[in-house]
Amino acid sequence: MKNQPSEPLRMLLFQLDVISMLSRDLNWKLSRRVNKTCCYFQWTSQGILWKSLSSTPAMEEFVHIPKQVNLVLWCATLLAFVAISLTYLLKCFLYFEAVRREFFHPVRINYFFAPCIGGMFLAIGLPDAVGLSLHPSVWCLLMAPLFLLELKIYGQWLSGGDRRLSKVANPSTHLSIVGNFVGAVLGARVGWKEPAMFFWAVGLAHYMVLFVTLYQRLPTNKRLPKDLHPVFFLFVAAPSTASVAWEDITGSFGYVSRIVYFVSLFLLLSLVVRVNLFRGFRFSISWWAYTFPLGAAAIATIHYYSAVTCTLTRFLVVALSLASVLVVVSIFVTTLACACLYGTLFPNDQAIAITSEQHRKQHQLCKQQA
């Protein structure tokens, strides 16, 4: 009688079979598509933008934005935040294996920072009409999971191996950096300047390393699928947010804020002129990556205009704010049309799928041993 594999080995083979099957099955939509890329992450920046336009004294000279706009956007974003968070929790129960594998995906792992960043944006954009003040406990609640996740991710970058930065770095990795600067903004606004400066310093150190790594385009880096090219705009998000954070920490838009703001402005211009980089692929949910960096750049420009008031800075405020609003509205309308009318919202399933190459190799090895 032929020897049968032991019970633990059979269970392992069964699990590997299930994992490989789920990776190949394009009908397994929910586990791949329900992610934390979330439109609320983009709408929160719009709420802060409109709040800055309506409450910044320097802006009152030529724009008059009702504060109710910020209130409406904030309430809508809060509802979206709750709905998407509950949906993702449901995914954790129904497709836990998919969530676990997302943690090891070079692109998807960075979106584990998105819920904390989105929550901090909601706190920063809290409308004056609500009549509530931010308590430091809000900052602690949102920064604690982000800090623990950073210890894990940054530690992997430092220690090397398959998760070293030179191998996993891609433009979406900027999300793991942006959280430090957004946390610095919120920390400064609740009165905790020292913790805010701590996270600003941590973000700056790792941003410089990531910036150099991405610019070098090392052979060990995995090429980003063309469908995900919109995430290149995340190059702009980190320095834009860092400039505002340093202003909140020091109380003025000084030289440090201006230096990092100019870096973000140059990166934005360098991306805008590279039209071919963002052509040749159909609309998908990844296009929402255009919105948050544009919003962050517009917000930083408003703060810069408050420090340096002239015709050029006024033109930059109007141009970037208008571009940010138009991009958000057009992408939102296109998203609704593709989802409700055409059913083509997810044309890039292969691009966002989680590879199971390592699982297949382990599966073959287990079969040979059996």
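Relevant structure appears above.
What counts, and where the lines are drawn
- Residues numbered from 1 in each chain as written.
- Predicted model: local features only at pLDDT ≥ 70, side-chain atom pairs only at ≥ 80, totals over all residues.
- Heavy atoms only, no water.
- Helix = DSSP H or I, 4+ residues; strand = E, 2+ residues; numbered from the N terminus.
- Expected span 1.5 Å × (residues − 1).
- Buried < 20%, exposed > 50% of the residue type's maximum accessible area, 1.4 Å probe, protein only.
- Phe/Tyr/Trp six-rings, centres within 6.5 Å; stacked < 30°, edge-to-face > 60°.
- Core = buried A, V, L, I, M, F, W, Y, C linked by side-chain atoms within 4.5 Å.
- Contact = heavy atoms within 4.5 Å.
- Axes fitted to C-alpha atoms, helices over the stretch in contact; angles between N-to-C directions.
- Parallel < 35°, antiparallel > 145°, perpendicular 65-115°, else oblique.
- Left-handed = near helix turned anticlockwise from the far one by under 90°.
- Nonpolar A, V, L, I, M, F, W, Y, C, P; charged D, E, K, R; others polar.

Chemist: Explain helix α11 (residues 234-250) to me, and be specific about the residues and the numbers.
Modeler: Along its 17 residues, α11 runs 25 Å from first to last C-alpha, staying within 8% of the 24 Å computed at 1.5 Å per residue. By the criterion of burial, α11 is predominantly enclosed, with 16 of the 17 residues buried. Looking one or two residues past α11, G251 carries a phi angle of roughly 95°, positive in sign.

Chemist: Give a description of the packing of aromatic side chains that names residues and reports values.
Modeler: Any two aromatic rings considered together are summarised by their centre-to-centre distance and by the angle between their planes. One pass over the full model with this rule turns up 24 aromatic pairs. Where F211 meets F235, the ring centres are 6.5 Å apart and the plane angle is 80°; that geometry is what we call edge-to-face. Here F211 is found in helix α10 (residues 193-216), whereas its partner F235 is found in helix α11, with 24 residues between them in sequence. Through pairs of rings, three or more aromatic residues link up here, namely W139, F147, W192, F198 and F199.

Chemist: Residue-level account of the nonpolar core, with values.
Modeler: Core analysis: the biggest nonpolar cluster contains 86 residues, and M120, L186 and W200 have the highest contact counts within it. For M120, the contacting residues outside a window of four places in its chain are L142, M143, L146, G179, V182, G183 and L186.

Chemist: Provide a residue-level description of the packing of helix α9 (residues 175-189) against α11, including the pertinent values.
Modeler: Two elements in contact, α9 and α11, have axes whose closest approach is 8 Å; the angle formed by their N-to-C orientations is 20°. Comparing the axis directions of α9 and α11 gives the class roughly parallel. The element α9 and its partner α11 pack so that their crossing is left-handed. When α9 is examined against α11, the residues L175, V178, F181, V182, A184, V185, A188 and R189 are found in contact with a partner set consisting of L234, A237, A238, T241, A242, V244, A245, D248 and I249. Of the residues contributing to the contact of α9 with α11, the split by class is 14 nonpolar, one polar and two charged.

These figures come from the coordinates and say nothing about function on their own.
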